[in-house]
Amino acid sequence: MSSAQSLIGTDTIAGRPASVAHLFFSRVEATPDNEAYRYPVPVDEHAADGAPGAEQWRSMTWAQTAVRVRNIAAGLMALGVEAEDRVAIASSTRIEWILADLGNMCAGAATTTVYPSTNADETAFILGNSGSKVLFAENAKQLDKAIAERDRLPALAHVVLFDAPAERPAAAGLEVLTLAELEERGAGHLKEHPEAVERAVEALDREQLATLIYTSGTTGRPKGVRLVHDCWAYEGVAQQESGMLRSDDVQFMWLPLSHVFGKTLICGQIATGHVMAVDGRVDRIIHNLPVVRPTLMASAPRIFEKVYNGIAGKARTEGGAKYKIFLWAAKVARQHARVSQENRIATGRDSVPFGLGLQHTIADKLVYAKIRAAFGGRLRGSVSGSAALAPEIGYFFLGAGVPILEGYGLTETSAGSAVNPAEDVRIGTVGVPLPGTEVRIAEDGEILLRGPGVMRGYHELPEQTAEVLESDGWFHTGDVGELTEGGYLRITDRKKDMFKTSGGKYVAPSEVEGKFKALCPFVSNILVIGNGRNYCTALISLDETAIMPWATEKGVPGRTYAEVCATPEVRTLIEGYVQRLNGELQRWQTIKKFTLLPRDLDVEHGELTPSLKIKRPVVERTYADAVTEMYAGANEA
């Protein structure tokens with residue numbers, strides 16, 4: 001294969017464990033009494049200092065974790081689960097998800113992940129296509145999905161509930177038990193067969209299936225990605241050796257563990273042995289951060305965009321001098337981060353002119369220190385993945401002392417392929433390859449990856465596997481990019497998302513969309529359109545938490561979000577930001593017309609994947625009339 005550029009990570013991770021189970025029990029043996037996990041539990045409302053709705057964080061050591069994992073693994077064996085049998089998990093992120101997953105793999109089974117937001121039809125497809133025999137369901141709502149499609153799930157025989165219902169639901173043909181009952185059954189099994197789990201772990205092979213993760217995709221049915229134990233064992237050790245994770249970290253885990261990004265970080269945490277605080281409730285993030293005080297957190301770019309918009313919106317509401325100070329501090333943060341980065345690349349030293357440094361010191365006391373405090377005050381870095389981060393957002397947070405370590409990977413590569421090192425962050429790139437991962441840029445600019453983390457194929461889809469996975473192990477990502485100075489990888493766009501205007505000019509929509517998100521503090525989502533057209537347009541949804549306070553402050557009429565977005569005042573506001581955007585673009589990239597949507601894009605309407613990526617074809621179909629109107633009367637020959 002010819003290529004323009006090629007790079008391999010520094011090491012090959014020789015001698016890594018044979019499986020995630022081996023990695024886990026090695027960790028337990030090494031640090032049995034160290035804290036492994038923290039998780040919130042309700043406080044007894046009858047306790048002296050308790051109150052209804054109150055919570056406290058509970059800790060669990062590695063040794064305590066191992067007891068529960070062994071009982072779950074043995075419980076699954078008692079249900080008849082054997083090597084590579086599929087066991088599904090349909091739950092939000094919580095400690096039980098991790099325990100169930102580890103129990104599955106220590107029993108020799110393979111985990112099928114299901115987003116809790118997935119509808120009944122697609123849940124049935126995933127459970128049926130994978131042949132899952134057991135389902136860990138968070139609650140009765142998740143169980144109901146399986147019951148509703150029972151005829152399509154001939155292999156499913158048992159459901160284990162994390163949350164015990166007040167009344168055991170009826171489920172024809174299914175044994176329903178609670179997690180506590182499964183663990184009790186497992187403890188009994190171990191009394192009769194005390195070495196059962198150890199024998200199952202010893203029998204594990206590097207190439208044995210560990211996980212089936214179904215890609216959320218933008219069109220059609222999702223594909224099951226086959227990830228073996230070697231994928232995850234590699235990821236765990238690679239994250240440790242790269243320095244991305246450290247043994248003294250406290251990591252806040254709220255990402256969906258059904259997604260490959262969250263799952264891979266669990267493997268890294270086992271390798272390093274650091275503390276992980278687990279709570280997937282997004283509405284609790286802002287409350288949890290000052291309590292957990294993490295040193296590391298992973299997130300999707302949308303969260304950082306919302307945080308930035310929230311900070312800007314609060315400053316705007318306070319008005320006057322405070323808003324002017326924020327705008328000045330934001331500008332200084334970006335300048336400081338950009339100049340520091342440029343000098344570090346050129347000279348190896350983080351240096352800035354004296355005047356800029358002085359401004360940064362003042363801005364730190366006035367603004368940045370408060371931002372860091374909101375993240376808990378100890379955050380050394382926040383890993384960002386699953387979608388592109390707008391560079392201006394990255395420069396702002398880096399300048400404010402909250403470095404976002406943008407990384408890169410896909411479900412098909414066990415997530416972790418490259419990441420920015422905390423000591424040498426380069427905004428606008430996704431960092432350097434993890435040790436043992438190879439990166440190649442093909443002649444057409446497509447990024448190819450090879451390494452232990454690459455999938456072994458799509459489940460029961462040999463033709464689609466052959467389309468992306470070559471016989472020598474190179475995986476075609478579908479992304480376009482380049483290797484920059486120092487071996488940093490830069491993503492240009494999704495190959496399939498790039499389009500050519502009728503004038504023959506190529507447009508990378510994510511580049512334009514990222515610039516707009518950095519400029520406009522009111523935007524939630526933007527979709528740039530223009531394939532085969534003679535100019536570009538955009539569908540824009542606004543952040544309700546930002547635009548509604550602005551509307552109230554300005555006396556804009558309207559009671560609902562949709563009514564506010566339809567007002568001339570809001571259109572004029574967004575028009576100003578579009579014009580600012582156009583001033584930074586090439587002529588053929590500029591947005592000539594735009595439509596403000598009556599609601600935000602969301603997962604429920606099928607417009608976003610569970611990892612918050614926009615399903616472009618779905619959005620364009622949904623708002624086809626608006627797109628047609630934006631091109632009405634235009635000469636598109």
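The preceding data block contains the structure.
Residues numbered from 1 in each chain as written. Predicted model: local features only at pLDDT ≥ 70, side-chain atom pairs only at ≥ 80, totals over all residues. Heavy atoms only, no water.

Enquirer: Is there a simple way to explain the overall build of the chain in this structure?
Expert: Looking only at helices and strands, one finds 21 helices and 26 strands in the chain. In terms of overall dimensions, the chain is globule-like: its C-alpha atoms have a radius of gyration of 25 Å, near the 26 Å expected for 637 residues. Once the C-alpha set of the chain is aligned to its principal axes, its extents read approximately 75 × 60 × 55 Å. Across the 637 residues in the chain, those meeting the buried criterion constitute 56%. Restricting to contacts in the chain with at least 6 residues of sequence separation, those with at least 24 account for 68%. As displayed, the chain offers around 26100 Å² of accessible surface, 51% of which is attributable to carbon and sulfur atoms. Distance between charge centroids for the chain: 6 Å, based on 67 positive and 79 negative side chains. (Helix = DSSP H or I, 4+ residues; strand = E, 2+ residues; numbered from the N terminus. Rg over C-alpha atoms; globule rule 2.2 N^0.38 Å. Buried < 20%, exposed > 50% of the residue type's maximum accessible area, 1.4 Å probe, protein only. Contact = heavy atoms within 4.5 Å. Areas by Shrake-Rupley, 256 points an atom, 1.4 Å probe, with all protein chains shown as cover. Lys, Arg positive; Asp, Glu negative; His and termini not counted. Charge placed at Lys NZ, Arg CZ, Asp CG, Glu CD.)

Enquirer: Before we go on, may I ask you to explain the packing of helix 2 (residues 62-78) against helix 6 (residues 179-192) in this structure?
Expert: The relative placement of two packed helices comes down to the angle between their axes together with the axis-to-axis distance. Contact pair helix 2 / helix 6: the axes reach a minimum separation of 7 Å and the direction vectors enclose 85 degrees. Comparing the axis directions of helix 2 and helix 6 gives the class roughly perpendicular. Residues R68, R70, N71, I72, A74, G75, L76, M77 and A78 of helix 2 touch helix 6, and the partners they reach there are L179, L182, E183, R185, G186, A187, H189 and L190. (Axes fitted to C-alpha atoms, helices over the stretch in contact; angles between N-to-C directions. Parallel < 35°, antiparallel > 145°, perpendicular 65-115°, else oblique.)

Enquirer: I tried to follow helix 4 (residues 120-130) on my own but got confused; where do I start?
Expert: Along an α-helix, residues three or four positions apart point the same way, because every turn accommodates 3.6 residues. Among the residues of helix 4, those classed as buried are T123, A124, F125, I126, L127 and S130. The inward-facing, buried residues of helix 4 contact strand 4 (86-90), strand 5 (110-114), strand 6 (134-137), helix 5 (140-148) and strand 9 (209-214). Two or three places before D121, at the start of helix 4, stands the capping residue N119, its side-chain oxygen 3.3 Å from that residue's backbone nitrogen. After helix 4 finishes, the residue G131 shows a positive phi value of roughly 70 degrees. (Polar contact = N/O pair within 3.5 Å; in protein donor to acceptor, adjacent residues only side chain to side chain.)

Enquirer: I'm lost on the nonpolar core in this one. Help?
Expert: In summary, soluble globular proteins display a tendency toward joint burial of nonpolar side chains. Membership of the largest hydrophobic core comes to 131 residues, with the highest contact counts inside it found for F24, Y37, L76, L102, F136, L182 and F397. Residues in contact with F136, not counting those within four places in the same chain, are I72, L76, V87, A88, I89, A90, A100, N104, V160, F162, L179 and L182. Counting 32 residues, the second largest nonpolar core, distinct from the first, contains V507, C520, V570 and Y577. (Core = buried A, V, L, I, M, F, W, Y, C linked by side-chain atoms within 4.5 Å.)

Enquirer: What is the right way to look at helix 12 (residues 320-347) in this model?
Expert: Between the first and last C-alpha of helix 12 there are 40 Å, a value that for 28 residues agrees with the 40 Å anticipated at 1.5 Å per step. Just downstream of helix 12, G348 is the residue with a positive phi angle, here 85 degrees. (Expected span 1.5 Å × (residues − 1).)

Enquirer: Explain empty space enclosed by the protein here, please?
Expert: To find leftover empty space, one rolls a probe the size of a water molecule over the atoms. In this structure the tally under the stated criterion is two cavities of 30 Å³ or more. Its volume calculated, the largest cavity comes out at about 40 Å³. Lining the largest cavity, in full, are E235, T413, G416, S417, T437, L449, R450, G451, G453 and V454. Residues that form the lining of the largest cavity fall into these classes: two nonpolar, six polar and two charged. By volume, the second largest cavity is sized at about 30 Å³. What lines the second largest cavity is G313, R316, T317, F522, A546, P549, W550 and E553. (1 Å grid on protein atoms, 1.4 Å probe; cavity = no way out; pocket = protein on both sides within 12 Å on 5 of 7 lines; lining within 4 Å. Points joined across faces, edges and corners; volume = space filled by probe spheres on them. Nonpolar A, V, L, I, M, F, W, Y, C, P; charged D, E, K, R; others polar.)

Enquirer: Would you mind showing me how to read the pattern of salt bridges here?
Expert: Side chains bearing opposite charge may pair, as long as their charged atoms lie close to each other. In the structure shown here, the tally under the stated rule is 37 salt bridges. One salt bridge connects K306 with D543, and the closest N-O pair in it is separated by 3.6 Å. With K306 in helix 11 (residues 301-318) and D543 in the loop between strand 25 (536-542) and helix 17 (544-554), this residue pair connects regions lying 237 residues apart in the sequence. For E392, the salt bridge identified is with R334, shortest N-O distance 3.5 Å. One end of the pair, E392, is in helix 14 (residues 391-399); the other, R334, is in helix 12, and 58 residues separate them in sequence. Sharing partners across several salt bridges, the network here consists of R16, R206, E207, D230 and R456. (Salt bridge = Lys/Arg side-chain N within 4 Å of Asp/Glu carboxyl O.)

Enquirer: For this particular structure, what's the right way to read the packing of aromatic side chains?
Expert: Between two aromatic rings, the relevant description is the distance of the centres plus the angle of the planes. Under the definition given, this model contains 14 aromatic pairs. Ring centres of Y535 and Y631 lie 4.8 Å apart, and the angle between their planes is 25 degrees; on these two criteria the pair is classed as stacked. Here Y631 lies in the segment after helix 21 (624-630) and Y535 lies in the loop between strand 24 (523-529) and strand 25, a separation of 96 residues in the sequence. By the ring-pair criterion, three or more aromatic residues cluster together here, those being F304, Y308, F326, F375, F396 and F397. One residue, R338, lies across the ring of Y395, its end atom 4.3 Å from the ring centre. Positioned above the aromatic ring of Y631, the side-chain terminus of R533 is 4.2 Å from the ring centre. (Phe/Tyr/Trp six-rings, centres within 6.5 Å; stacked < 30°, edge-to-face > 60°. Lys NZ or Arg CZ within 6 Å of the ring centre and 35° of its normal.)

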